[in-house]
Amino acid sequence: MEKIDWGKLPFGYFKTDYNVRCYYKDGKWGEIEVSSSEYINIHIAATCLHYGQECFEGMKVFRGKDGKIRVFRWEKNAKRMQRSCHGIMMAEPPVELFKEMMIKVIKLNKNHIPLPGLGASLYLRPLLIGSGAQVGIKPANEYLFVIFVGPVGPYFKEGFNPVDVQIVKDYDRTAPQGTGHIKVGGNYAASLRPAERAKQEGFSTVLFLDSKENKYIDEAGPANFFGIKGNTYITPDSSTILLSITNMSLRTLAEDMNMKVEKRPVHIDELAEFDEVGACGTAAVISPIKKIVDRETGKVYEYCKDGKAGPISTKLYNTLKGIQEGEIEDKHGWNMIIE
Ligand code: PLP
Ligand code: COI
């Protein structure tokens, strides 16, 4: 294996030694297979190709200074994948199968788990696709569940340094009663055009509003949104956002810090009242936001006046990272130690 500069990894695809696969056929899941190929052989009429029958997850594995390998809250991802499958009529992988495949793929790729303290981790990408052939619009009879992995650095190149985001009103990533609450590929396809435009216009990502009234904050690209007002952690409640496991964890940590937590609709005008705002997710961890620009009205909201993340976002970030890397006591039992 070539020498990897763990501290300089981008968030991107990285070839590792093995992935694991399991096929669903004749109404049941088969044996777990280990593969060193980066390719899958797939039917030309597979439902994932034509009708978007596919979903995925994203999780991180950390190597601690104590040498232990930890995976963060994996059961939440396993259950969310089941909800995604349910939403678009795919076979749901049992939690036990998810766990067995996850442990296997981590152990097989142990030499790609980054060294501690460099802001890198091993990213796990569970992927489930409709592999059976259909030409009529119907769910497939066969499915393929794959987990591949790769070492990654921060999602936004700024890492924990504040980013700029753009409010878009002329695109929605999902419909009010659509698939926004589950992790299916179509939501991401719908977000590509506004996200790329935002990048060209100098922003790290977009801030989507609710798709019914275009008034309330939904999500910050591939991450949830939160704002800090005094001693309160506020995050949007909406049926069209992904239930972020990171956000869920930050709410618990905020409560541990004796903060008030509110999950409720957040009107766009409230942006002017926050002391700190950020985007949170597995890939993004916490990305503090320094500027939000409403593309339609040109209105600008500014935070982090000294160029740095605010004190509460910093404390939440350090606590979350500390738990994930085994530096801070895991009192909620969020980590599973692989070995
Ligand atoms: N929202 C979207 C659209 C995402 O893709 C993600 C990433 O998974 C998140 C939020 C954050 O969720 P989590 O913290 O579970 O990774
Ligand atoms: C994650 O945070 O794991 C994501 O899936 C976000 C993005 C890379 C799709």
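For clarity, every value in this text was computed on a predicted model and none was experimentally measured. Per chain, the residues get numbers from 1 upward, laid out in the order the sequence is written. By the order in which they are written, chains take letters starting at A while ligands take numbers starting at 1. Only residues with pLDDT of at least 70 are given local features in this predicted model, and only at 80 or more are side-chain atom pairs given and counted; all residues enter the totals for whole chains, interfaces and linings. Side-chain measures here rest on the full set of heavy atoms in the structure, leaving out hydrogens and waters.

J.: Even after reading the chapter, I still don't get a nonpolar patch on the surface, so can you show me in this structure?
T.: Patches in this entry comprise residues that are over 30% relatively accessible and not in a salt bridge; like charges within 9 Å are linked, as are nonpolar side chains (Val, Leu, Ile, Met, Phe, Trp, Tyr) within 5 Å. For every accessible area listed, the method is Shrake-Rupley and the probe measures 1.4 Å; residues are considered covered only by the protein chains on display. For this analysis, a salt bridge means a side-chain nitrogen from Lys or Arg found within 4 Å of a carboxyl oxygen belonging to Asp or Glu. There is a patch of nonpolar side chains on the surface, built from Tyr51, Val135 and Ile137 and spanning about 350 Å² of accessible area. Secondary structure elements are taken from DSSP: a helix is a run of H or I of four residues or more, a strand is a run of E of two residues or more, and numbering for both begins at the N terminus. Take Val135: it is sitting in the loop between strand S7 (121-130) and strand S8 (143-152). Since its relative accessible area comes to 66%, Val135 is described here as exposed. With a 1.4 Å probe rolled over the protein chains alone, any residue whose accessible area is under 20% of its type maximum counts as buried; one over 50% counts as exposed, and the rest are partly exposed.

J.: Sorry, what's going on with the site of ligand 2 here?
T.: Lining the immediate surroundings of ligand 2 are Phe11, Phe56, Gly58, Tyr123, Arg125, Tyr155, Lys183, Tyr188, Pro222, Thr282 and Ala283. For the purposes of these results, a polar contact is taken to be a pair of N or O atoms within 3.5 Å, where, inside protein, one atom must be able to donate a hydrogen and its partner to accept one; residues adjacent in sequence count only when each atom of the pair is a side-chain atom. Lys183 has a polar side-chain atom sitting 2.7 Å from an oxygen atom of ligand 2. Interatomic distance of 2.8 Å between a backbone N/O atom of Ala283 and an oxygen atom of ligand 2. All amino acids are sorted into three groups, where Ala, Val, Leu, Ile, Met, Phe, Trp, Tyr, Cys and Pro are nonpolar, Asp, Glu, Lys and Arg are charged, and the leftover types, Gly among them, are polar. Residues belonging to the shell around ligand 2 are distributed by class as follows: seven nonpolar, two polar and two charged. It suffices for a single heavy atom of a residue to lie within 4 Å of a molecule or strand for the residue to be listed as near it.

J.: Before we go on, may I ask you to explain the packing of helix H2 (residues 74-87) against helix H3 (residues 95-108) in this structure?
T.: Packed helices, taken two at a time, are described by the angle between their axes plus the distance between the axes. Only the stretch in contact is used when a helix axis is fitted, and all axes are lines through C-alpha atoms; the angle between N-to-C directions ranges over 0 to 180 degrees. H3 packs onto H2 with a crossing angle of 125° between their chain directions and a minimal axis gap of 10 Å. Taken together, H2 and H3 sit at an angle that is classed as oblique. Here the hand of the crossing between H2 and H3 comes out right-handed. Residues Trp74, Asn77, Ala78, Lys79, Met81 and Gln82 of H2 pack against Val95, Phe98, Lys99 and Met102 of H3. Looking at the contact of H2 with H3, its residues break down into six nonpolar, two polar and two charged. Here roughly perpendicular refers to angles of 65 to 115 degrees, roughly parallel to angles under 35, roughly antiparallel to angles over 145, and oblique to all remaining angles. Note on convention: near helix rotated counterclockwise from far helix by under a right angle means a left-handed crossing. Clockwise means right-handed. Here, two residues are considered to be in contact whenever any of their heavy atoms come within 4.5 Å of each other.

J.: Just to check I follow, could you spell out the domain arrangement of the chain for this structure?
T.: Frequently, the measure chosen for interface size is the accessible area removed from exposure when the parts meet. Each assigned domain of the chain is listed here: domain 1 (6-152) and domain 2 (163-324). Here the limits of each domain have been adopted from an automatic or database domain assignment. Computed from C-alpha coordinates alone, the two centres of domain 1 and domain 2 are separated by 26 Å. Taken together, the contact pairs 20 residues of domain 1 with 19 residues of domain 2. Interface area for domain 1 against domain 2, summed over the two sides, is near 1700 Å², with a carbon-plus-sulfur share of 65%. The buried area of a pairing is the accessible area, by a 1.4 Å probe, that goes missing from both parts when the two are put together, added over both. Considering only the side of domain 1, the residues that lose the most area to domain 2 are Phe56, Phe72 and Arg80, jointly responsible for 33% of the buried surface there. Joining domain 1 to domain 2, the criterion identifies zero salt bridges. Seen at the junction of domain 1 and domain 2, the total is seven residue pairs in polar contact (both at pLDDT 80 or more).

J.: Explain the site of ligand 1 here, please?
T.: Close contacts around ligand 1 come from 16 residues, with Tyr188, Glu219, Ser244, Thr246 and Thr282 the closest. Here an oxygen atom of ligand 1 sits 2.5 Å away from a polar atom, N or O, in the side chain of Tyr188. Burial of ligand 1 by the protein chains amounts to 96% of its free accessible area of 380 Å². Where the shell around ligand 1 is concerned, the elements lending two or more residues are strand S12 (223-229), helix H5 (245-256) and strand S15 (276-281). Grouping the amino acids of the shell around ligand 1 by side-chain chemistry returns six nonpolar, six polar and four charged.

J.: Please explain a negative patch on the surface as it appears in this structure.
T.: Only four residue types enter the charge count, namely Lys and Arg as positive and Asp and Glu as negative; His and the chain termini do not. The location of each charge is read from NZ of Lys, CZ of Arg, CG of Asp or CD of Glu. Residues Glu31, Glu33, Glu96 and Glu100 make up a contiguous surface patch of negative charge. Secondary-structure assignment places Glu96 in helix H3. The class of Glu96 is exposed, set by a relative accessible area of 54%.

J.: Which parts of the structure should I look at to understand the nonpolar core?
T.: Buried together is how nonpolar side chains tend to be arranged in soluble globular proteins. Counting 36 residues, the largest nonpolar core has Trp29, Val71, Met102, Ile106, Leu124, Leu128 and Phe145 as its most contacted members. Among the elements of the structure, strand S1 (19-25), strand S5 (59-63), strand S6 (69-72), H2, H3, S7 and S8 are those that each provide at least two residues to this core. Sorting elements by how many residues they give to this core places H3 first, with six residues. Working definition of a nonpolar core: buried Ala, Val, Leu, Ile, Met, Phe, Trp, Tyr and Cys residues. They are joined through side-chain atoms within 4.5 Å. With 23 residues, the next largest nonpolar core counts Ile217, Ile268, Val277 and Ile292 among its residues.

J.: Explain the packing of aromatic side chains to me, please; I cannot follow it from the model alone.
T.: Pairing of aromatic side chains requires ring centres within 6.5 Å, counting the rings of Phe and Tyr and the six-membered ring of Trp. Pairs whose planes differ by under 30 degrees are stacked, by over 60 edge-to-face, and all others tilted. Per the stated rule, a full pass over the model turns up 14 aromatic pairs. Consider the rings of Trp74 and Phe98, whose centres lie 6.4 Å apart with planes at 20°: the pair is stacked. Placement of Trp74 in helix H2 and of Phe98 in helix H3 is noted, with a sequence separation of 24 residues between them. We note that Trp74, like Phe98, is buried.

J.: Help me out: how do you make sense of the pattern of salt bridges in this one?
T.: Note on pairing: side chains with opposite charge can pair once their charged atoms come close. One pass over the full model with this rule turns up 21 salt bridges. Between Glu296 and Lys169 there is a salt bridge; the shortest N-O distance is 3.3 Å. Taken as a pair, Glu296 in the loop between strand S16 (285-294) and strand S17 (300-302) and Lys169 in the loop between strand S9 (163-168) and helix H4 (185-200) lie far apart in primary sequence, 127 residues in all. For Glu296, a relative accessible area of 59% translates into the label exposed. Across the pair Arg264 and Glu262 runs a salt bridge, and its minimum N-O distance is 2.8 Å. One salt-bridge network, in which partners are shared between bridges, spans Lys229, Lys260, Glu262, Arg264, Glu270 and Glu273.

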